[in-house]
Amino acid sequence: MEKLQYISQGNTFREQELCVRKVLDNGVKWVQVRWKNAPENELIKLCEISKQLCSEYQAVCIINDHVQIAREIDADGVHLGLNDSAVKDARLILGENKMIGGTANTLSDVIQRIKESCDYIGLGPLRFTTTKEKLSPVLGFEGYQHIIDGLREKSIDVPKIFAIGSVTLEDILPLQEIGIYGIAVSGLITKQPSIINELKKVMI
């Protein structure tokens, strides 16, 4: 599983598509298509194009929230928020071979996601971010450490956790030392696609 995940950004179809093309051109191998409050026909079109582009670049294409769209376009999987569809329902719709990721903010969320057999967990936010409307309480490095320690105390294997929420290049090593598997970024790569190679080098 890739350690760097890009979450698409943009207020219009054109902005979104351009961002997906740019990051793939610069070496991203995992795109999560996320466009909240989008017109449905444009969202479907964006997902179709993103899936096609990801296939050309041999990259993973995950759809945020919309399980049926993911099924219709044969995406590689979905990412579900805590208030989105249930993981078990998504699994029934998509089948065993598709990837299902889930959002978490607390230790109990992480344990819930493990019980639901999520393939990976997006845990955050690390710090304040403007890319999400209803932001959960900020974790900081201490919050991640607390959650990883909590799993170990309960003798629970640490799953593949991605840090999210204004993550920077300098955050990667401290997060990996805590036991975090990878990072999911949006604004950082959108503004500076050329940083992708630097990010990947640090996350060996």
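Refer to the structure presented above.
Only a predicted model underlies this, so the values are computations on that prediction, with no experimental measurement involved.

**Side note on the overall build of the chain**
Part 1: Check the secondary structure of the chain and you find nine helices and eight strands.
Part 2: Considering only C-alpha atoms, the chain reaches an extent of 45 × 40 × 30 Å along its principal axes.
Part 3: Here the chain, with 204 residues, has 50% of them falling under the buried criterion.
Part 4: At a minimum sequence separation of 6, the contacts of the chain that also span at least 24 residues come to 55%.

**What to know about the side chain of D109**
Part 1: If you trace the backbone, D109 turns up in helix α5 (residues 107-115).
Part 2: Despite its burial, D109 pairs with no opposite charge, the nearest such side chain being R113 at 7.2 Å.
Part 3: Separated by 2.8 Å, the side chain of D109 and the backbone nitrogen of N105 make a polar contact.
Part 4: Once residues lying within four places of it in the same chain are set aside, the contact partners of D109 are L82 and A104.

**Here we look at the packing of helix α1 (residues 13-25) against helix α2 (residues 40-56)**
Part 1: Axis separation between α1 and α2 bottoms out at 10 Å; the angle between their running directions is 10°. The orientation of α1 relative to α2 falls into the category roughly parallel. Between α1 and α2 lies a crossing whose hand is right-handed. Note on element contacts: α2 touches α1 through E42, K45, L46, I49, S50, L53 and C54, opposite F13, Q16, E17, V20, R21 and L24.
Part 2: The class makeup of the residues in the contact of α1 with α2 is seven nonpolar, two polar and four charged.

**Focus on the pattern of salt bridges**
Pairing is possible between side chains of opposite charge, provided their charged atoms come close.
Part 1: Under the criterion given, the structure shown has seven salt bridges.
Part 2: Measuring nitrogen to oxygen at the nearest pair gives 3.5 Å for the salt bridge that ties E17 to R14. Of this pair, E17 and R14 both sit in helix α1, three residues apart, roughly one helical turn.
Part 3: Residue classification places E17 among the buried positions, given a relative accessible area of 10%.
Part 4: Between E17 and R21 there is a salt bridge whose closest N-O contact spans 3.0 Å. Placement of the pair is E17 and R21 together in helix α1, with a separation of four residues, close to one helical turn.
Part 5: The class of R21 is partly exposed, set by a relative accessible area of 37%.
Part 6: Each of R14, E17 and R21 takes part in salt bridges that share partners, so that together they form one network.

**Side note on the environment of P159**
Part 1: Turning to its location among the elements, P159 is positioned in the loop between α6 (140-153) and β7 (161-164).
Part 2: The partly exposed category is assigned to P159, whose relative accessible area is 21%.
Part 3: Measuring from C-alpha to C-alpha, the distance between P159 and S117 comes to 9.9 Å, with 42 residues separating the pair along the chain.
Part 4: Aside from chain neighbours lying at most four places away, what touches P159 is V110, I114, I121 and L151.

**Considering the packing of aromatic side chains**
Part 1: Counted according to the given criterion, the structure contains four aromatic pairs.
Part 2: Note on W30 and Y120: the rings are 5.1 Å apart at their centroids and 90° apart in plane angle, and the pair reads as edge-to-face. Taken as a pair, W30 in strand β2 (residues 30-33) and Y120 in strand β6 (residues 120-123) lie far apart in primary sequence, 90 residues in all.
Part 3: Between the aromatic rings of Y120 and F162, the centroid separation amounts to 5.4 Å while the plane-to-plane angle is 75°, which identifies the pairing as edge-to-face. Here Y120 is found in strand β6, whereas its partner F162 is found in strand β7, with 42 residues between them in sequence.
Part 4: These aromatic residues form a ring-pair network of at least three members: W30, Y120, F162 and Y181.

So, how was this worked out
Residues numbered from 1 in each chain as written. Predicted model: local features only at pLDDT ≥ 70, side-chain atom pairs only at ≥ 80, totals over all residues. Heavy atoms only, no water. Helix = DSSP H or I, 4+ residues; strand = E, 2+ residues; numbered from the N terminus. Buried < 20%, exposed > 50% of the residue type's maximum accessible area, 1.4 Å probe, protein only. Contact = heavy atoms within 4.5 Å. Lys, Arg positive; Asp, Glu negative; His and termini not counted. Salt bridge = Lys/Arg side-chain N within 4 Å of Asp/Glu carboxyl O. Polar contact = N/O pair within 3.5 Å; in protein donor to acceptor, adjacent residues only side chain to side chain. Axes fitted to C-alpha atoms, helices over the stretch in contact; angles between N-to-C directions. Parallel < 35°, antiparallel > 145°, perpendicular 65-115°, else oblique. Left-handed = near helix turned anticlockwise from the far one by under 90°. Nonpolar A, V, L, I, M, F, W, Y, C, P; charged D, E, K, R; others polar. Phe/Tyr/Trp six-rings, centres within 6.5 Å; stacked < 30°, edge-to-face > 60°.

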